[in-house]
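The residues making up each chain are set out below.
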Amino acid sequence: MRMQRLQALAGGDDAAAPATLDRRSFLKLAGLAGGGFALGAVPASADQVAAAGAKAAPAPPQAFVSIAPDNTVTVAVNRLEFGQGVHTGLPMALAEELDADWRNVRAVLAPAGDPYKDPLMGLQMTGGSSAIRHSFQQYRELGARARAMLIAAAARQWGVEPADCVAAQGVVTAGGNRATYGELAPAAMEMPVPAEVVLKDPARFRLVGKPVPRLDARAKLEGALGFGIDVEIRDAMVALVARPPRFGGKVARFDGDAARKIRGVADVMLVPVDGGGTGVAVVADGYWPAKLGRDALKIEWEDSGSTVSSAKLFEEYERLAGLPGLVALAADLKAMAGASRSIEADYRFPYLAHAPMEPLNCTLQAGIAGNRAQSVKAWVGSQFQTVDRAAIARVFELDPAQVTLYTTMAGGGFGRRAVATSDYVAEAAHVMRVWIGNGHSEPLKVMWSREDDIRGGYYRPLHLHRARIAVDDSGEVLGWDHTIVGQSLLAGTPFERFMVKNGIDATMTEGIVGNDYGFPLRLAVHHPEVKVPVLWWRSVGHTHTAFVKETLVDELAQMAGQDPVAYRLARLSGTRQARQRAALALAVARSGYGTRKLPAGRAWGVAVHESFDSAVAYVAEVSLAKGQPRVHRVTAGVHANRIVNPLSAQAQIQGGCVFGLAMIRPGFAIEIENGAAKNSNFTDFEPPRIGDAPVVDVHFVPSEDPPTGLGEPGVPPIAPAVANALFRLTGVRQRQLPFVLG
């Protein structure tokens, strides 16, 4: 993700509208029934809407904050909550400036709507570690405006100056006068929305910067919080789709008679699927009969679609790496000719599935006239609300205004719910359209199994890196010639015109094109076209560029006869690298690296990397157990500017660290053979288990600057840190992920 305005992705969803309600176009709409206060209409939660069914479903809300007569403050979060903590972080920012009593604050996920678009991106989305980074200031200003309106109402009611009023903990006082926010709410609605507000001095923060338990924690612990997969609409049916075994394949013919005989199965239908292919949908009155029906299908597939394999791709990528590529970073490498020493290395990175704990799903309900949808409601854990809403509208040939998309909680995503093609959402819409065309009217929940999810494509691309580094007798780098080969994530998407320059996809070179260490570095790329759908994976290009960069820098430190930490600190010398330098110094100091003796059989491994404007350094303590790395403890130094909620921030780094450890595990690779994924479930694409998780101590560099990203920066440095420790234990450099040992 980048900070361009990307309204074009909306596909007609009022692309020219303002991205957000800025201070001069702030909307004040009708208040709550019962005399409440709202900046916008009060949103109902997705669970409430789903439970109420079609008759009671509210109109699309346009709201950020509401105050009910009982003093409850409800904050609409303009992002997807899928474990990262934004459901608490943004309400904290708003409640801080509102001076609300945190005990009375609630949060709901905003539906798709123009006011909820990212202030910098121009569409409603969650990705690129941008939620707090882009909306912290926005939510502070929302809270400050609401507070000013409450104070103005109190001042008018009491005949005093606003400056004489004090707002704190949900109460406004002036002399002997006292009123709660709930009591002032109706009158506050009559006040003009201030164009300009003065925000708090951070020294007066009561919430921001303090460890605050998450608003959704109790419901999750008790199993009461509904996710997209839990949505229940009255009379809804469940649909499962048999998709082509090869990407882009089509049904030649099928026999659904056996499926139709299964109790509960209502229909078997030929449907369009992603990539121009076709599949067969089985609709039933529950997941299990739908699954049994799908298992009973007899499908003959056309001999079409992709025939690619991972092994052949690596061979082709090796060939391409030896050819001139598109130059992403130029440098004079003449000095390499006289080098006395060199490093020549190829690095391999496989396809990776996202595999969130909650498989993909989308629930749809339509207003129907004459076997055609006139309006559609969707419940989905979307990272791309604007894009997905527009995709549904296109399938049904509706205006986006006729589609209401309710954002549900999601059980993970890691990028898989942010697809420019809206693959799984558009597919659900196609299934619903065929269902309606066959004379049905019931809502549909289109679900994916775990096997569907892992075999369904949109993987982190397969990459090959080739590095040739020349070093003189003193260990100084004379030149670094680097080539990356891999599919473009952005080719053919609306993002291409913003983020592909001179044919080079910025998501593939990020993390290395910045040349943090200041070496003479020439970087070239090749973007072969491959019939495997690909997508960003948590931390995007940094997942592979950081590994190559940080393991090679460790190798260069060894060749120079220097300590790997000292080598890095000496070369992260510019102003731009100050954040990495501070993060690394903090991690080293807190870990005891260089001063604390490790138990026998353990070694230190170090790596530092900046992504999404945040720098993360890891110092890992690693041993070998049964021939595989065992990570005992990781000490993290993090520079992410102001930390809004230390509890969530710490969890983000810890989660990112463990997520990144998956990349080193034996077998953690999607193997493509004859155009299809061989993997099927966690049995053959196994993530780390609880027993694999190390202790992760997280320390933040203090800063008063605006927050930067935290959802993804914890991922990239862990694999190289462990690889560097393994070298000290084995004397062997790791040149691929997952590791190859023994």
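As recorded in an unreviewed UniProt entry, the protein goes by Isoquinoline 1-oxidoreductase subunit beta and comes from Cupriavidus respiraculi.

Now for the packing of aromatic side chains. Within this structure, the stated rule accounts for 17 aromatic pairs. For the ring pair Trp-537 and Phe-659, a centre distance of 4.6 Å and an interplane angle of 40° mean the geometry is tilted. Pair noted here: Trp-537 is in the loop between β23 (521-526) and α14 (542-559) and Phe-659 is in helix α17 (residues 646-661), with a separation of 122 residues, a long-range link. Per residue, the accessibility class of Trp-537 equals that of Phe-659, and both read buried. Here Phe-547 and Phe-739 contribute two aromatic rings whose centre-to-centre distance is 6.3 Å and whose plane-to-plane angle is 40°, an arrangement assigned as tilted. A residue pair is termed long-range when its members are at least 10 positions apart, and Phe-547 in helix α14 and Phe-739 in the segment after α18 (718-730) qualify at 192 residues.

Here we take up helix α4 (residues 181-188). Residues of α4 that are buried: Tyr-181, Gly-182, Leu-184, Ala-185 and Ala-188. Looking down the long axis of α4, one finds its buried residues gathered within 155° of arc, a one-sided arrangement.

For the rest of this paragraph, the subject is the sheet that holds strand β24 (residues 602-611). Strand order in the open sheet formed by four strands is β24-β25-β26-β29, and the pairing between neighbours is mixed. Both outer strands of the open sheet, β24 and β29 (695-700), are each paired with one neighbouring strand and no more. The mean angle between the axes of side-by-side strands here comes to 20°, regardless of whether they run parallel or antiparallel. Alignment of β24 against strand β25 (residues 614-625), held across 10 bridges, turns out to be antiparallel. Opposite Trp-604, over in β25, you have Glu-621 as the bridge partner. With respect to the sheet, α17 is in contact with β25, β26 (628-639) and β29, its orientation differing from that of β29 by roughly 135°.

The amide bond that connects Leu-737 to the next residue, Pro-738, takes the cis arrangement and shows omega of -5°. Here Pro-738 is to be found in the segment after α18. In this structure, Asn-502 is a non-glycine residue whose phi angle is positive, near 55°. By the element assignment, Asn-502 lies in the loop between β21 (500-501) and β22 (504-505). The exposed category is assigned to Asn-502, whose relative accessible area is 73%. In this structure, Asn-515 is a non-glycine residue whose phi angle is positive, near 50°. For Asn-515, the position within the fold is in the loop between α13 (506-509) and β23.

A few words now on the packing of helix α15 (residues 564-571) against helix α16 (residues 578-591). When two helices pack together, their arrangement is given by the angle between the helix axes and the distance between those axes. Remark: α15 packs on α16, axes separated minimally by 10 Å, with the N-to-C direction vectors making an angle of 155°. Viewed along their axes, α15 and α16 adopt a mutual orientation that is roughly antiparallel. As for the relative orientation of α15 and α16, their crossing is left-handed in sense. Residue-level contacts link Val-565, Arg-568 and Leu-569 of α15 to Arg-581, Leu-584 and Val-588 of α16. Here the contact of α15 with α16 is built from residues that sort into four nonpolar, no polar and two charged.

An ideal rise of 1.5 Å per residue puts 26 Å on 18 residues; α14 measures up with 25 Å between its terminal C-alpha atoms. When you tally the buried positions in α14, you get 17 out of 18 residues, the bulk of the element. Backbone geometry just after α14 places Gly-561 at a positive phi near 70°.

Positionally, Met-336 belongs in the loop between β13 (326-329) and β14 (341-349). For Met-336, a relative accessible area of 10% gives the class buried. Sequence-wise, Met-336 and Leu-478 are 142 residues apart; in three dimensions their C-alpha atoms are separated by 5.6 Å.

What follows is about the sheet that holds β23. Pairing is mixed across the open sheet formed by five strands, whose spatial order is β13-β23-β20-β19-β14. The two strands at the open ends of the sheet, each matched to only one other strand, are β13 and β14. Adjacent strand axes in the sheet meet at a mean angle of 20° when their direction is disregarded. Across three bridges, β13 lies against β23 in antiparallel orientation. In the strand pairing of β23, Leu-326 is matched with Val-525. Contacts from helix α8 (residues 310-321) reach β14, β19 (463-471), β20 (477-486) and β23 within the one sheet, and its direction differs from that of β19 by about 35°.

Reading the values: rules and limits
- Residues numbered from 1 in each chain as written.
- Predicted model: local features only at pLDDT ≥ 70, side-chain atom pairs only at ≥ 80, totals over all residues.
- Heavy atoms only, no water.
- Phe/Tyr/Trp six-rings, centres within 6.5 Å; stacked < 30°, edge-to-face > 60°.
- Helix = DSSP H or I, 4+ residues; strand = E, 2+ residues; numbered from the N terminus.
- Buried < 20%, exposed > 50% of the residue type's maximum accessible area, 1.4 Å probe, protein only.
- Arc of directions from axis to C-beta.
- Pairing = 2+ DSSP bridges.
- Axes fitted to C-alpha atoms, helices over the stretch in contact; angles between N-to-C directions.
- Contact = heavy atoms within 4.5 Å.
- Parallel < 35°, antiparallel > 145°, perpendicular 65-115°, else oblique.
- Left-handed = near helix turned anticlockwise from the far one by under 90°.
- Nonpolar A, V, L, I, M, F, W, Y, C, P; charged D, E, K, R; others polar.
- Expected span 1.5 Å × (residues − 1).

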